[in-house]
Amino acid sequence: MLVKNNSYISKVRSKLIQFSIVLLSVFWMASCSNEVEVIGVWKDIPVVYGVVNWQDTAHYIRIERAYLPPNQSALDVALNADSLYFDPNDVVVELYTISANNDTLPWNSPIERVNLADEGIAREDGIFQNNPSYAYKFTGPPSFRALLLKINNVATGNIFYARAEPITASNSSLFTIPRYSKSPPRPVELRELDVQGQEIYSSLGVDISTSFGAIYDYILRFHYDEYQVDQQGNEVPGTREDKSIEWRAVSDFIPEVANQNKQSIPGGGFYRFLGGSLSDVTDTNIRRCGGYLEVFAVGGTESIRDYILARKANDGFVGGLFPAPPYSNVTGGYGFLGVADVLERANRASSPRLMEMSPLTYEHLSNGEFTADLGFSPSPCY
């Protein structure tokens, strides 16, 4: 995001999504537009990218600039950190929350400029400078209010704003269909027998009682153990490791009707994902056994939804030959600031968050068409 949600969040939500496409689209638009002149010495245009998730303890917002000095290659500028980032002495970055009464209140902890490489967050290799890779970091408890980012370029006198809508999953519930239960036993079945007694893949329904976001990802986290065996096939003591892997089973789901959030997760897709994500252990002494399954939902605000829709429109050239304008909620700039939250199943004695799967579901890990080479035992390891 067992077990914590930080794993998925750090990969998908608050860990910054790569910003290169946004910046390149800005340059592309500049070459085709008579209204926006990006290339210029005295024009400063910020590009903001940040997805804040309240499950994280630290949040990062990338703030870069999208203008070029004249008579210089864009590829050269992309490798120059001084060209990509504002001088910290010229720019003051502030963060506020906005109450229900529209009172603007300073965030309760400082926001500081950091090198993401020093934070353990690596920017992908490409045409852009990846170390240093600066962002603005802040910490603190969740606000569940609207966020307001203020960028004050004191060198030029220009002030830019980005506002993100509030979100909270605290009033919603997530449940499976059929409803999982430990007592009476109703395990998750991703493999079952049909009426003729033939094995088939089955699906797991997931639903949210009350909508809390404008767009959702549904995630399965599969826990398993990995260990070594000797030449006789016996487990080598001290080699067992607890591991987990996450599958984004449903991505970018946008409900057409409020509170109609049910999605079906195919069992075949689960096994196919494992087969493509875990290593083949054939001819090795590595073995595995399956454990518990978790399901949770990540909900994003309207700004995240609108950004993703705009990106998909450009990817598919929807609406004509030329790309649509990139979505932005940055006044006077480009990019966006969004907020997300995570919804897990409630952890109850009769229906714990860590779910057991049916015997046939575990058995199919060991002999299934997608997973037979992964070294799974036909029995679970809990």
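Since this is a predicted model, take the numbers as computed values, not measurements. The written sequence of each chain sets the order in which its residues are numbered from 1. Local features are withheld for residues below a pLDDT of 70 in this predicted model, meaning they are given only at 70 or higher, and side-chain atom pairs are given and counted only at 80 or more; totals for whole chains, interfaces and linings count all residues. Just so you know, side-chain values use all the structure's heavy atoms and leave hydrogens and water out.

Colleague: I'm lost on the nonpolar core in this one. Help?
Modeller: Nonpolar side chains in soluble globular proteins tend to end up buried together. Counting 57 residues, the largest nonpolar core has I63, L149, F222, F270 and L274 as the members making the most contacts within it. For the purposes of this entry, the term helix denotes a DSSP run of H or I that reaches at least four residues, the term strand denotes a run of E that reaches at least two, and both are numbered from the N terminus. With five residues, strand β13 (residues 215-228) is the single largest residue contributor to this core. Pairs of residues are marked as contacts when any of their non-hydrogen atoms sit within 4.5 Å. Aside from chain neighbours lying at most four places away, what touches L149 is V48, I61, I63, V93, E94, L95, I111, F160, Y161, A162 and L337. The nonpolar core is taken to be a set of buried Ala, Val, Leu, Ile, Met, Phe, Trp, Tyr and Cys residues, with the residues joined through side-chain atoms within 4.5 Å. Exposed residues in this analysis have more than 50% of their type's maximum accessible area, buried residues have under 20%, and partly exposed residues fall in between, with area computed by a 1.4 Å probe over protein chains only.

Colleague: Quick question: what am I supposed to make of the sheet that holds strand β5 (residues 112-115) here?
Modeller: Each strand in a sheet pairs with another by means of backbone hydrogen bonds, the pair being arranged parallel or else antiparallel. Two strands qualify as a pair provided DSSP detects at least 2 bridges between them. The mixed open sheet is built from eight strands, whose spatial order is β5-β6-β2-β1-β18-β16-β13-β14. The sheet is open, and its two edges are formed by β5 and β14 (241-253), each paired on a single side. Recorded for the sheet is a direction-independent mean angle of 30° between the axes of neighbouring strands. Relative to strand β16 (residues 286-300), β13 runs antiparallel, the two being bridged by 13 bridges. Residue pairing across strands places I215 opposite G300, the latter belonging to β16. For helices, the fitted axis covers only the stretch in contact; all axes are lines through C-alpha atoms, and the angles between them, taken along N-to-C directions, range from 0 to 180 degrees.

Colleague: Is there a simple way to explain the side chain of D217 in this structure?
Modeller: As for its placement among the helices and strands, D217 is situated in strand β13. Given a relative accessible area of 8%, D217 falls into the buried group. A polar atom in the side chain of D217 sits 2.8 Å from the backbone nitrogen of D252. Polar contact criterion, stated in full: a pair of N or O atoms within 3.5 Å, where within protein one must be able to donate a hydrogen and the other to accept it, and residues adjacent in sequence count only if both atoms are side-chain atoms.

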